[in-house]
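A closer look at the structure
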Amino acid sequence: MNRIKLPTHKHPLYPTPWVRSCSGCYRQNDCTKDGYRCYECEIFFHKKCAETSLEINHPSHPEHPLHLSIPEYYSESKNWKCRICGDELGRRFYNCSICKFSVDVACVKNPPPLTILFAKAHDHQISLIPRIISFNCDACGLDGDRSPYSCQQCDFMIHQSCIDLPEIINVNRHEHRLSRRLQLSPGTWICGFCHKKVDWSCGAYSCSICPDYAIHSRCALRDDVWDKLELKGIPEEPQEIKPYKVVNGNLIRHFSHEEHYLQLNEENIICGGSIRCEACVLPIYSQAFYSCVQCDFILHKTCANLPRKKRHMYHAKPLTLVVGDMTYFDCSACSNRSSGFRYSTTNFNIDVKCSALSESIFHESHGCTLYYIYGNGKHCIACGNWSYSTFNCDDCKFVLDLKCVVLPKTTRHWYDEHILSLCYENPTKGEHWCDICEESIEKNWFYNCDICCVAFHTKCVLGDLSLLMPGRVITYYGKTRFEVIQTHPGFLPRCYRCRSRRAVPFVLKVFYPKQTVFFCSYSCFWFR
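What this report covers is the structure whose coordinates are included nearby. Since we're looking at a predicted model, the values are computed, not measured. (Residues numbered from 1 in each chain as written. Predicted model: local features only at pLDDT ≥ 70, side-chain atom pairs only at ≥ 80, totals over all residues. Heavy atoms only, no water.)

With that settled, consider the pattern of salt bridges. For the coordinates displayed, the defined rule picks out twelve salt bridges. The shortest N-O distance in the salt bridge between Asp 330 and Arg 337 comes to 4.0 Å. Overall, the relative accessible area of 43% leaves Asp 330 in the partly exposed class. Owing to a relative accessible area of 18%, Arg 337 belongs among the buried residues under this scheme. Of the charged contacts in the structure, one is a salt bridge between Asp 464 and Arg 337, with a shortest N-O distance of 3.9 Å. A residue pair is termed long-range when its members are at least 10 positions apart, and Asp 464 in the loop between helix 7 (458–462) and strand 41 (473–476) and Arg 337 in strand 28 (residues 337–338) qualify at 127 residues. Taken together, the shared-partner salt bridges in this structure form one network comprising Asp 330, Arg 337 and Asp 464. (Salt bridge = Lys/Arg side-chain N within 4 Å of Asp/Glu carboxyl O. Buried < 20%, exposed > 50% of the residue type's maximum accessible area, 1.4 Å probe, protein only. Helix = DSSP H or I, 4+ residues; strand = E, 2+ residues; numbered from the N terminus.)

Listed below in structure tokens is the structure:
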């Protein structure tokens, strides 16, 4: 086998028809053709990485040439960073030992321009300062530690990454378009995302319709906030299409049920929870609702007014309201299964009740405003589960996950004749016992009846089928059909899997080709 000796590696390298992971550019699982392999180190190089020049001239350091450096013992703990971009230098970089000037391979291949004229962020020519220097960026208000662009005519400095910030954007935390401002009007501004102070003298995004709304540039451009679309030159979308048309008086034609008219019912409503809304699948007790004049289609008045499209904090893309059908979905926010309406985009669905949550909420269990945060995993105070999507209090350690935020404050179960209320305590072992499953209620919120002095687990009262429309046959993955049936004291079928007759509010009736069986929960059906 022919071997070669290249100055970029201390051992002989042998040609190989494929490269698994390059030790030059550190691309993992990047299988490409033609390269080199070192059998002593058991490493691979792309052909272009192995044949890298040993000495170059870099525009950011014209005083001396830069030499390729390959430290024999590389340690990330030494915090070697590129002078230009601030990224880790990696195991191969270019260095001037005289000036202690080091740049990574990426900044050698694509060096930033030394000067920029008419940048989006500034009216004058700006020049690169390739130095270690502390500064405050005038575009985003954040500190920097190296290689900013600076204007020689005025006191202006900016991160390299802030030069081409988009001018007009949509974010999922606000319903209107936002425009980039070089500076805000003098005053006190609070960021609409992180709720921290915005320096009015620095750049930010603000709303022309809502005069008090502003958001930090870096907060606005987060992957989970911005949809990555520059809207300058793109006309505004047409105004919101109303979900229904008024026929006359209390009659409407709703887009989800266009074949019939819906009539508004607002007075003397006492339904007892026996009927359910098609959109949220929650019982109707005394709320105003629309009912079909020809069939049993029903919508809460609030659900009938749901917008056809909306932006929401759960996703950077706009969401479209989709009508329920003979299937079900898992809510991407609270993980509950539902057969009702959903707001949807590609591989993402949220149910109606989760879509009603705003970025900041007030919950009865806590006296302060709670703010939605994604990415910082914490334990929910209500159930103890770990979650990356939570509502947090800025002043204390109070945290609720999305599943517990949407727990109904009051509900009913046939086990008790009275309305059950959600109790925000976290009892110790043996302090309360669930009357349904007869197990201890520990460290979790629970439902109780003050009149009867009984307590219940939330899972025992609600089950995991409460958002699937009772009496409706649903197709599971195009094959198995099942129906959700409400239980009562005289109807408690034995579960096909766990063989119990638990007092759950709903059971699944599953239609197999040769038999029909019951499951007490979706969990039992899934692990059947």
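Of the two faces of strand 4 (residues 55–58), only one is covered, namely that formed by Ile 56 and His 58; the face formed by Glu 55 and Asn 57 stays uncovered. Direction of pairing for strand 4 relative to strand 5 (residues 61–69): antiparallel, over a ladder of three bridges. The residue bridging His 58 from the neighbouring strand is His 61, located in strand 5. Linking strand 4 to strand 5, which pair antiparallel, is a turn of two residues. (Pairing = 2+ DSSP bridges.)

Let's shift gears to the nonpolar core. Leu 299, Tyr 314, Ile 350, Leu 357, Phe 391 and Leu 400 are the most contacted members of the largest nonpolar core, which has 60 residues in total. In contact with Leu 299, other than residues within four places in its own chain, are His 254, Ser 256, Leu 262, Cys 277, Glu 278, Ala 279, Phe 289, Tyr 290, Ala 304 and Phe 341. Membership of the second largest hydrophobic core comes to 35 residues, among which are Ile 126, Cys 140, Leu 165 and Ala 204. (Core = buried A, V, L, I, M, F, W, Y, C linked by side-chain atoms within 4.5 Å. Contact = heavy atoms within 4.5 Å.)

The subject of this paragraph is unusual backbone geometry. Even without glycine at this site, His 195 takes up a positive phi of about 65°. Residue position: His 195 is located in the loop between strand 16 (189–190) and strand 17 (197–198). Despite not being glycine, Asn 347 shows a phi value in the positive range, around 55°. Summarising the element assignment, Asn 347 is placed in the loop between strand 29 (342–345) and strand 30 (348–351).

The analysis is restricted to geometry; functional conclusions fall outside its scope.
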